[in-house]
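# Observations on the model geometry
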Amino acid sequence: MLTLRTTLLGLLLMGLAGCNDGHEVGDVSLGLFTTKDIKIDSLVDPKIPGVTCHLSNIDADLDLADPSDTSLACRQTGPITADMLADIDTSPDGELLYRRSQSVLFKSLKLRRILDADSQTLLYLAYTTKETHGSFKHALSSVPLWGTQAWQASAFP
């Protein structure tokens, strides 16, 4: 029995110690009798600091709930240059920018950047890594490069 308690405590601590590179800008309680909150993080793209994403999701670290619903909005908040784009991963699965533990059920929330070179748009995809009721929950936001210093036909393959 002691081993089971130790294992559960270890799992709980791993859930609480998730990587959080974002800056929390909002915390809305879902009620007095729940351990769940809606957390809103502000995340600046580390390679393209002219893009800021706001990510909201259910935080239920102390609960066995399945906090999969996520909302994402990304906007241009500063300059975006061709030099910044030259340093990003342009593969079809993009680049992982953010990862955070979602619950004691080994669920992670991730944020990826993907370049759509044809439309000269940056795509930001937030998703959870554990299936929920037959579907994977995800959210998508896009930041067009139109009107930025990076909008150059020669900057894209």
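Scope of this entry: the structure provided in the associated data block. This is a predicted model, so every value here is computed, not measured. (Residues numbered from 1 in each chain as written. Predicted model: local features only at pLDDT ≥ 70, side-chain atom pairs only at ≥ 80, totals over all residues. Heavy atoms only, no water.)

## What about the overall build of the protein chain?
Along the protein chain, the regular secondary structure elements total two helices and eight strands. The order of α-helices and β-strands along the protein chain, N terminus first, is α-β-β-β-β-α-β-β-β-β. For the protein chain, the proportion of its 157 residues judged to be buried stands at 41%. Looking at the protein chain alone, contacts between residues at least 24 apart form 49% of all its contacts between residues at least 6 apart. On the protein chain, roughly 8,900 Å² of surface is accessible, and the fraction owed to carbon and sulfur atoms is 59%. (Helix = DSSP H or I, 4+ residues; strand = E, 2+ residues; numbered from the N terminus. Buried < 20%, exposed > 50% of the residue type's maximum accessible area, 1.4 Å probe, protein only. Contact = heavy atoms within 4.5 Å. Areas by Shrake-Rupley, 256 points an atom, 1.4 Å probe, with all protein chains shown as cover.)

## Here we look at the state of the cysteines
The bond known as a disulfide is covalent and runs between the sulfur atoms of two cysteines. In the structure shown here, the tally under the stated rule is one disulfide. Here Cys 53 connects covalently by a disulfide to Cys 74, the sulfurs 2.1 Å from one another. Negative torsions about the S-S bond denote left-handed disulfides, and the value of about 110° found for Cys 53 with Cys 74 makes this one right-handed. Taken together, the residues span a long stretch of sequence, with Cys 53 in strand 3 (residues 51-59) and Cys 74 in strand 4 (residues 70-76) at a distance of 21 residues. Here Cys 53 matches Cys 74 in class, with each residue buried. (Disulfide = S-S within 2.5 Å.)

## Considerations on the pattern of salt bridges
Overall, the coordinates contain six salt bridges when judged by the stated rule. Ionic pairing is found between Glu 95 and Arg 113, a salt bridge with its closest N-O pair at 3.0 Å. Here Glu 95, found in strand 5 (residues 95-103), pairs with Arg 113, found in strand 6 (residues 107-116); they are 18 residues apart in sequence, far enough to count as distant. Both residues of the pair, Glu 95 and Arg 113, count as buried. (Salt bridge = Lys/Arg side-chain N within 4 Å of Asp/Glu carboxyl O.)

## So, the nonpolar core
One finds Ile 48, Val 51, Leu 72, Leu 122 and Tyr 124 to be the most contacted residues of the largest nonpolar core, which totals 23 residues. Secondary structure elements with two or more residues in this core: strand 3, strand 4, helix 2 (82-86), strand 5, strand 6, strand 7 (121-128) and strand 8 (138-144). Contacts of Ile 48, omitting those with residues within four sequence positions, involve Ile 80, Met 84, Leu 85, Ile 88, Arg 113 and Leu 122. (Core = buried A, V, L, I, M, F, W, Y, C linked by side-chain atoms within 4.5 Å.)

Treat this as a map of the structure, not an account of what it does.
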